[in-house]
Amino acid sequence: MEFAATIVILTCTYALLAAGTVILYKAGRVVNFAHGELAIVGGYVFYSAGLMSGGTSLWFPVAGAVVFSIIMGMFIYMAMMRRLVGEPFYVAILVTVGIGIVLKSAILVIWRAERLTIDVGVTPAIRMAGGATLSYMDIASVVLTVAFFAGLYLFFRFTRLGVQFRGTAENALLASQRGVDVNFVLSLAWVIAILAASLSGVLYGGRAFLSTESVTIGLAGLTAALVGGLDSLRGAVAGAFIVACAQYLTVRLVDPVLSEAVPFLLLVIVMSIRPWGLFGTQEELDRV
Amino acid sequence: MSRTGYNLRTNYLESNEVIRRPYQKVLVAMVLAVAVLLPAATSTFFVHLLNLCFLSAIGALGLMLLTGFCGQISLGHAAFLAVGAFTTVILTVHVGAPFVVVIPAAAVTGAVLGFIIGLPSLRFRGVYLAIITLAMHYTVIFLATSYQANFAKSASAGITIPDPSIGPLVIKGEYTWYYFSLVLLTLVTIWCVNLIRTRPGRAWMAIRDRDIAAEALGINLTRYKLMAFMVSSTLASVSGSLLAYYSNVVTVETYTIDLAVIYVAMIIVGGMGSILGALMGAIFMTLLPFGIDGLFSYLPREWRYGSTVFGVQVGAVGICIILFLLIEPKGLAEIWRRIETYFDRWPFRYRPLDTTRH
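Residues numbered from 1 in each chain as written. Chains lettered and ligands numbered in written order. Predicted model: local features only at pLDDT ≥ 70, side-chain atom pairs only at ≥ 80, totals over all residues. Heavy atoms only, no water.

**Focus: a nonpolar patch on the surface**
All names here are of chain A. Together, L58, W59, V62, V66, I70, M74 and L195 line one region of the surface with nonpolar side chains, adding up to about 640 Å² of accessible area. With five residues, helix α3 (residues 59–80) is the largest single contributor of residues to the nonpolar patch. Mapped onto the elements, V66 comes out in helix α3. Residue V66 is classed as partly exposed on the basis of its relative accessible area, which comes to 33%. (Patch = residues over 30% accessible without salt bridge, like charges linked within 9 Å, V, L, I, M, F, W, Y side chains within 5 Å. Areas by Shrake-Rupley, 256 points an atom, 1.4 Å probe, with all protein chains shown as cover. Salt bridge = Lys/Arg side-chain N within 4 Å of Asp/Glu carboxyl O. Helix = DSSP H or I, 4+ residues; strand = E, 2+ residues; numbered from the N terminus. Buried < 20%, exposed > 50% of the residue type's maximum accessible area, 1.4 Å probe, protein only.)

What follows is the structure in structure tokens.
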């Protein structure tokens, strides 16, 4: 029972990250290499906002993380990504790499690289058969992840903005000619992606800890997105589940030291067998 | 003496020239003369900094050939440096091999790894290739970490290696290293310049600009892409080996993903597709952390918290990458070209023809 709970919670963390990566890839054909950093900094912002409010209310840190996501998302798109249209492909990638390293330095400068654990009801809440316990944090992470994906589905399926969003992902030029505010849609994509990442960072910080090393969850999220297919939201969940399983089983059965390397081994395997991922479209692949 | 187009080459003989203008020959000679005489005029610490610049410039040249000329993006350059460094460790500590054996061995190991990493580049390009090189980085670093952990319990601080010696000559001390690395860097630079103006370089540039068109022109993509990866990783591996010898200690903590990003920053800041850019970028990015350190010494003591200085040093790399990509995508080499053109044209203000100097 315990392993099932652990895998489900890890899956939630990775699925949120992978969903952000997929949204960004679909919207602007950008792979964000700063996703792990954004997640962890989101977690730090959540923690600090909680400290500032005195730790009484949960609304303040949540608002802090949301404001962080909106500001970061708008800023990254408006100040950087928007100017890179038409540049060689590597420019956008390297800009996200640069953003990642700046955020990492922000952790060092602002939070002095402190190892933090976000403490929001981590006490065991429910004891299940087989000795497994679930904390409120665990339950919250599952509920929030499911709510996020459900909300995303409803948003893309039924709202006017969601349709505009899909249109932009399909063909930004045509969408803009039909009156879609492409800049707004794309900056919204960044905001949503960073919001998901921050949520994932908070969940990760509640279960484990936040530090400069924990930014590697971004790479696990990237692997999850690739395993599922870079342009498929369904794939993000499936990929996250596979990465979480692989990681958990390696830690338990083989060697805990390997857990960091698992996503990459998985990545190499997927890349050599089915590079477009489980649910991705084959044409997407920029093959030679 | 024509003043028509700065970069216009009108015949084959001209297109083979390494240095185009007489005054450029004077400039190169002056730079070399200054470089030779410099140690006499500066402090040991500055010579040490220049050594670091020269040795990392060899690695930066390697990455420039791969990314700047062949257009294959790599986030795994730190892994190649690590391969060179750990080859050095294995050969010197376990076998006791001399310097003249270790450097070629590091080159060969780098080339083999470059070949292996080059293989995916035949199937993928763009983002996917970047992700694969990232995965490669973590795999290599994982192997290196386990090697270091098994090496000795006390090896967490690093593995010490002896000073290198060529025959009776021991390369030891900043000044000996300075001339050694200066000669080496000059040779490597000449080699790189020759590579890019002959067949491989032209093939790489064709691949960078449009690989399908290049293939249609009869360029063997497999061969030249693998060659680019191998040349790049060889240079990086040699650079890693030399840096290991220079610092006398090898630890896996040096070879983080941040180091790979610093090398990418070198070629962006220097200017993609320019040998001069690789040299300028390597010097700029190597001196940057020391410059920031120097600036911090003017600040009040309370501000000089260890992780703050380190954080600003790390962040400056990212800021350099972003600002150069957004504002000056062709880097320092382009700034230099503008200065050169200004004086070349003076007193006229003709804009130079926009044929980017590749």
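And the narrative resumes.
**Notes on helix α10 (residues 221–247) of chain B**
Residue and element names in this part refer to chain B. Taking 1.5 Å per residue, 27 residues should reach 39 Å; α10 reaches 39 Å between its end C-alpha atoms and fits that length. The buried fraction of α10 is high, at 21 of 27 residues. Structurally, the start of α10 carries an N-cap: the backbone nitrogen of T222 is 3.3 Å from a side-chain oxygen of N220. In the stretch just after α10, N248 is the one whose phi turns positive, near 65°. (Expected span 1.5 Å × (residues − 1). Polar contact = N/O pair within 3.5 Å; in protein donor to acceptor, adjacent residues only side chain to side chain.)

**A few points about the pattern of salt bridges**
For the structure shown, the criterion picks out six salt bridges over all chains. Between E213 of chain A and R115 of chain A there is a salt bridge, and its shortest N-O distance comes to 3.4 Å. On the criterion of sequence distance, the pair formed by E213 of chain A in the loop between α8 (182–207) and α9 (217–228) and R115 of chain A in the loop between α4 (89–110) and β1 (124–127) is long-range, its members being 98 residues apart. Here E213 of chain A falls in the partly exposed class, since its relative accessible area comes to 48%. One salt bridge in this structure joins E334 of chain B and R337 of chain B, with 3.4 Å as the shortest N-O distance. Placement of the pair is E334 of chain B and R337 of chain B together in helix α14 (residues 331–345), with a separation of three residues, close to one helical turn. By relative accessible area, which is 15% here, E334 of chain B ends up buried.

**Some thoughts on the interface of chain A and chain B**
Taken together, the contacts link 40 residues of chain A with 42 residues of chain B. For the pair chain A and chain B, the two sides together bury roughly 3,800 Å², of which 78% comes from carbon and sulfur. Between D258 of chain B and K104 of chain A there is a salt bridge whose closest N-O contact spans 2.8 Å. At the boundary of chain A with chain B, the tally comes to two residue pairs in polar contact (both at pLDDT 80 or more). Counting only elements with at least two residues in the side of chain A that touches chain B, the list comes to α3, α4, α9 and α11 (262–273) of chain A. Looking at which element gives the most residues to the side of chain A that touches chain B, the answer is α4 of chain A, with 15 residues. Its residues assigned to classes, the side of chain A that touches chain B shows 31 nonpolar, four polar and five charged. (Contact = heavy atoms within 4.5 Å. Buried area = accessible area lost by both parts, 1.4 Å probe. Nonpolar A, V, L, I, M, F, W, Y, C, P; charged D, E, K, R; others polar.)

**Thoughts on the confidence of the model for chain B**
Low-pLDDT stretches of the model should not have their predicted coordinates read in fine detail. Residue and element names in this part refer to chain B. On average, chain B scores 87 in pLDDT, and the residues at 70 or more come to 94%. Model confidence for chain B, summarised as mean pLDDT per element, is weakest for helix α1 (residues 12–15) at 77 and strongest for α10 at 95. This complex was scored by the predictor with a pTM of 0.91 and an ipTM of 0.87. (pLDDT = per-residue confidence, 0-100.)

**Some points on helix α4 (residues 77–95) of chain B**
For an α-helix, the turn length of 3.6 residues means that residues three or four places apart are oriented alike. Residues and elements named next belong to chain B. The end-to-end C-alpha distance of α4, which contains 19 residues, comes to 27 Å, matching closely the 27 Å that a straight helix rising 1.5 Å per residue would cover. Here α4 lies mainly inside the structure; 15 of its 19 residues are buried. G96 lies just past α4 and shows a positive phi near 75°.

**Brief notes about the packing of helix α3 (residues 44–69) of chain B against α10 of chain B**
Residues and elements named next belong to chain B. Between α3 and α10, the shortest axis-to-axis distance is 6 Å and the interhelical angle comes to 165°. Classed by the angle they form, the pair α3 and α10 counts as roughly antiparallel. Relative to α10, the crossing made by α3 is left-handed. Only A228, F229, V231, S232, L235, A236, S239, L242, L243 and Y246 of α10 make contact with α3, whose side of the interface consists of H48, N51, L52, L55, S56, I58, G59, L61, G62, L63, L65 and L66. (Axes fitted to C-alpha atoms, helices over the stretch in contact; angles between N-to-C directions. Parallel < 35°, antiparallel > 145°, perpendicular 65-115°, else oblique. Left-handed = near helix turned anticlockwise from the far one by under 90°.)

**Considering the environment of S15 of chain B**
All names here are of chain B. In this fold, S15 is placed in helix α1. Judged by its relative accessible area of 15%, S15 is buried. Those residues in contact with S15 that sit more than four places away from it in its chain are R9 and R202.

**Overview of the packing of helix α8 (residues 199–209) of chain B against α10 of chain B**
Residue and element names in this part refer to chain B. For the pair α8 and α10, the least separation of the axes is 10 Å and the interaxial angle reads 105°. Here α8 is positioned roughly perpendicular relative to α10, judged by the angle of their axes. Taken together, the residues of α10 that come into contact with α8 (itself represented by R199, P200, A203, W204 and I207) are L221, Y224, K225, M227, A228 and V231. Taken together, the residues that form the contact of α8 with α10 break down as nine nonpolar, no polar and two charged.

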